[in-house]
Each structure stands twice: as C-alpha cells, then as structure tokens.
Amino acid sequence: MAVRPPAVRRAAVRVGGLLPRPSDWTMARRTLRRDLPAGLAVAVVALPLALAFGVSSGLGAGAGLVTAVVAGAVAAVFGGSNLQVSGPTGAMTVVLVPVVAAFGPTGVLMVGAMAGAILIVLALARVGRYVRYLPAPVIEGFTAGIAVVIALQQVPAALGVADAHGVKVWAVAADAVVRFMADPAPAPVLTALGVAAAMLIGGRWRRQLPWSLIAVAAATALAALLHADVARIGALPGLPGPSLSFLDLHAVSRLAPSALAVAALAALESLLCATVADAMSVGQRHDPDRELFGQGMANLVVPIFGGVPATAAIARTAVNVRAGAASRLAALTHAAVLAGIVLAAAPLVAGIPLAALAGVLLATAIRMVEASALLALARSTRGDALVLGLTFVVTVAVDLVSAVAVGLGVAVVLALRAVARTARLEQVPLDTANHSDEERRLLSDHIVAYRLDGPLFFAAAHHFLLELAEVADVRVVILRMSRVTTVDATGARVLGDAVARLRHRGITVLLSGVSGRHDQVLTALGIGDDLPRFPDTPAAIAHARVHLQQGHAASHGDATATAADRH
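Here the structure is a predicted model, which is why all the values come from computation and not from measurement.

The next point concerns the packing of helix H6 (residues 136-153) against helix H17 (residues 371-380). Between H6 and H17, the shortest axis-to-axis distance is 11 Å and the interhelical angle comes to 135°. Considering the angle they form, H6 stands oblique to H17. In this structure, H6 crosses over H17, and the sense of that crossing is left-handed. Between H6, through Ala136, Pro137, Glu140 and Ala144, and H17, the contact on the second element is made entirely by Ala373, Leu374 and Leu377. The residue makeup of the contact of H6 with H17, split by class, is six nonpolar, no polar and one charged.

With that settled, the discussion passes to the environment of Val476. Examined against the element boundaries, Val476 turns out to sit in strand E5 (residues 476-480). Through-space distance from the C-alpha of Val476 to that of Ile507 is 5.5 Å; in sequence the pair is 31 residues apart.

Describing two packed helices takes the angle between their axes plus the distance from one axis to the other. Where helix H2 (residues 32-57) contacts helix H14 (residues 329-344), the axes come no closer than 7 Å and their chain directions differ by 50°. For the element pair H2 / H14, the angle class is oblique. With respect to the hand of their crossing, H2 and H14 are arranged in right-handed fashion. Residues Leu32, Asp35, Leu36, Ala38, Gly39, Leu40, Val42, Ala43, Ala46 and Leu47 of H2 lie in contact with H14, whose contacting residues are Leu329, Ala330, Thr333, His334, Val337, Leu338 and Ile341. Grouping the amino acids of the contact of H2 with H14 by side-chain chemistry returns 13 nonpolar, three polar and one charged.

Below, the discussion takes up helix H22 (residues 489-504). In this model, H22 (16 residues) spans 22 Å end to end at C-alpha, consistent with the 22 Å of a helix rising 1.5 Å per residue. Residues Gly491, Ala492, Val494, Leu495, Gly496, Ala498, Val499 and Leu502 constitute the buried set of H22. At the C-terminal side of H22, Gly506 shows a positive phi close to 85°.

We now examine the side chain of Ser270. Residue placement: Ser270 occurs in helix H11 (residues 249-280). Among all residues touching Ser270, those that are not within four sequence positions of it are Gln84, Leu265, Glu291, Gln295, Thr311 and Ala312.

Glancing now at a nonpolar patch on the surface. On the surface, Val15, Leu19 and Leu124 cluster together into a nonpolar patch covering about 200 Å² of accessible area. Residue placement: Leu19 occurs in the loop between helix H1 (6-16) and H2.

This part takes up the pattern of salt bridges. In the structure shown here, the tally under the stated rule is seven salt bridges. Several salt bridges converge on common partners, so that one network encompasses Asp24, Arg290 and Arg328.

Quick notes on the rules
Residues numbered from 1 in each chain as written. Predicted model: local features only at pLDDT ≥ 70, side-chain atom pairs only at ≥ 80, totals over all residues. Heavy atoms only, no water. Axes fitted to C-alpha atoms, helices over the stretch in contact; angles between N-to-C directions. Helix = DSSP H or I, 4+ residues; strand = E, 2+ residues; numbered from the N terminus. Parallel < 35°, antiparallel > 145°, perpendicular 65-115°, else oblique. Left-handed = near helix turned anticlockwise from the far one by under 90°. Contact = heavy atoms within 4.5 Å. Nonpolar A, V, L, I, M, F, W, Y, C, P; charged D, E, K, R; others polar. Expected span 1.5 Å × (residues − 1). Buried < 20%, exposed > 50% of the residue type's maximum accessible area, 1.4 Å probe, protein only. Patch = residues over 30% accessible without salt bridge, like charges linked within 9 Å, V, L, I, M, F, W, Y side chains within 5 Å. Areas by Shrake-Rupley, 256 points an atom, 1.4 Å probe, with all protein chains shown as cover. Salt bridge = Lys/Arg side-chain N within 4 Å of Asp/Glu carboxyl O.

So this is what it looks like as structure tokens:
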C-alpha cells in the first residue's frame, strides 16, 4: 500500500477533525426529555425573528424561515457547539440590503455561498482561536452600531411607507419620515410600537414567556378583526428544491467585499455566541474551528434553498440554554418544528402585518445595546472610548466592513503606542563591588551601562535611537539586553545604526545578555557581527576595564616615545 506524504496526512487529520463524529450525539440519547422541549421553546421564539429578518433582508419572510430551518439543521450537525442555534440575524440584514438593491436576490444567494466557502477555508486554517483577541471596544461599538442600523431599517415598515428611497439606511429612514409626515397613517405606527413595548415590558415581567410570538399573534388578530390598513407578509413558499443560479464572474468580483463582510460577521457572531453559551452552561466547551466549519457548511447549503446567509444567534441560543438543552438535538428539533410551520401553517403566517415584524426588530435592536458595558468602556481609557466611538459612527454612517477596519486599525495603533512606551533605555549601576573613589571615578567617567527593557521593535526603535545618540564623554558603552522581550527587523537595524554612530565617535560598544533567538535576528541581518558579546554584565565590565587599561597604557607609551624623540 502506498504511503501518503506527511503533508497529505496532516491535511487529512485536519479535515477529519472538523467533521461530525459519533460522540457528538452520545449525550442526546440521555437528554431527550430536556432537548425536545428546549427545541420547541426556541422554535416559538425563532419564528417571528426568522420572518422579520427575512423581510428586512429584502428576500421576504419565506427566505427567513427557510434559512432558520436549513441553517439551523446543518449547523447543528457540523458545528462545534452543542448549544448553538443558527439562523438569520440582524447583523446579516445590514450587509444584505445593499446587495439586494444592486444585484437582486441572486446576488444574496451568491454572497452566501461565497461566504460559506471563506468560512470553511478559515476553519481549515485554524483561525477560530484568534477571534478571542478582538478588542472589546471594537466588538461593543460594532454591536451598538448594528443595533442602530437595524432600528433605522425598520422605520419605513413601522411608518407604513413602502417607497422610501436613499443610498444609506439613515437616508432611507429620513425619507420615510418625510413621506409619513405628508400622509400619516397611525395603524402601522401603533402596531410596531405595541409589539415592541409588549416584548420589552413583558420580557421584564415574565421572561420565560415567548413575548415576541404573543405580541405578533395579537397584532395579527387585531389587524384582521379591525380590518386595519396595514401591509402584510403575503403568501409564503414551501421549502423549495435546489434553485441556485450563479452570476457571471464579473459580478463575483464585485460581490467579494460583501462576501468577506458576511464571512467575518458569521465568524464573529458565532464564536462570540459560543463563548456566551459556554459561560451560561456547566461543562460545555465549543471547538472554534469546527464552529467555523459548521457555519461555512450551513451557508453553502442555504442558498440552494433560497435562504439568506446565516450565523449563530445569541438570543435564540440563550433561550436554548435557559430551557435546559444539553445536546445538538435541541437545535435540530427547533429546525424541524419551523419546517412543520412552513409546510402546515403558512396561511396563518401570511397574515402577519409587516409593522408587527418591524416592532420585533425594534425591540431586538434595543436589547442588543448594553448601556452599562458601553459606559464602562467609554470611562475606562481615552483610547478605548475613541475606538468605541469611531467603530460605532462608521458602522452607522458608512458600512460594517469599514467600521471593523477602522476600529481594528485605531486599536492596533494605540496598542503599539502603549507597548512602545514600555520600552526603556535606562542607565544602571555597573555593579555593587567595593571600589576605591579613584576606580569609581574612572568607571563613571569612561564606562556607561544601559539596560534595554521591553520590546525593541519598529514602534519603539526611533525612541531608542534618540536616547542612545545622547551618550557623551564615554569610551565604553555596555548594552544590557537580557530584559529585551522581542526584536524585529526594524529594531535590529536601528540598533545597528546606533552602534555605528557610537563607534564612529570612537566609543567601544559591548553587548551582554543577548538571548539566542534575539542574536539569531541580529545575525540574520548582519547587525553587530563583530561586536563582543558577553553572557552577563560582570564579564562585560571586566572586559571594559582591560580595554581601557590597554588603551591607557598604549597612549602612555606613545607619549613617552614622543618625549624621548624630542630629547
């Protein structure tokens, strides 16, 4: 039998580690009585949210339900968490609305498939573990910005305006307000506000009740009873068969930024949601790379059935955990219940007023914003407040991709500045031995030891060069590098430049305490190859004394010879 190369074996092991395994369902056999009711409870909560997010995305309520069914099932099987519940979310609608406007429904399907492929690549590259390093101000500002955008998206439906126009979501909301003021219709406004109020107030009073479903059902019944003039969802399609039609390659390149945004959102929301689910449960730990793989598979499959891009949903996952779910069977049950609703109760769902779904999303947007967390971050440091504010403003005013890029960029710059400030070049005592006053005076006049603390990298190198250039009236400089934490190419080159300047002035430079990995960087760049290196500072001091004594003797001999010549 042919032996596979090591690279092939490693790739096979990596792919195998992402696939479903029998152990995923071991617990499900013991927790049927907990998982089945939990899945039913999640489906009750997810129904109005799926409808609302489908309408908000621009593909219709049916697309939202299909997404909740298909993505919920696929992610439950392939994902890396036992408790996650996936489906359409508000953050996705923010990205999808411009895609629908520019490319139509087919563009959304293509974006979803492309995002799924990107997520699978990220899973294979084991990127999941790095999401934990995202700065909290970026996440909180991004979340708050998404909440505002979701709320602005609901303004036309809440006001009963069907033909509002604008390039950005805030412009569409403003146009809807102007049109409403010209011809006000109270029924949609009262419906949206009533549903939102019921969800927010009822949720505080009896949290265990599905207030979103209760409020939407009441609004639908009242609108039918009073024959209110409100726009409704309309007929829902059943679960369609495969129907994905691909765009041409030119459109694919134009859709790439949106696909990257969807993939980034899916990764971020899913992994954060999995972390929250672990914290809410006992003994549960998710696999971040498998979770990315599961979301990638879900987004590859969903477009085939006409659904929108999906991700794990914190609200539905929280309901799942609180309802007592212990395995993936709960999420799978939620998907099966929603599929039954699509097939059996479509006529009832079709009568739901759009304004009622707008109310659901308005309440959802309000719940997304945790004022206490935002205030705590804003008060922590000026840098955190700046990153938080910029991310929020760019999310609302521009788009999500730009917001994340700006937030991360500013956060990285501030972090580098903070790290650079920890790098110090400090003159320290050479040793603590008992020397005579004359020897102390000789050492202080001719030898200076500097200890480098912290990282020597591009952000701190210029500061280091300026300080070292100020050295004067010495013959030997000892650079103590045992406390240097890191050296990059820029820092090494600046070190070489500083050494060259000192030697040009006739100053001898010695290095002490250089670690092997730092010396490897210096050697690779040809920095200080001819500089004497010593394992510790005492050895460098001893060498400096000998060097000065030899130099003194040589200069004394030259002076004697010169005097003899004169005689």
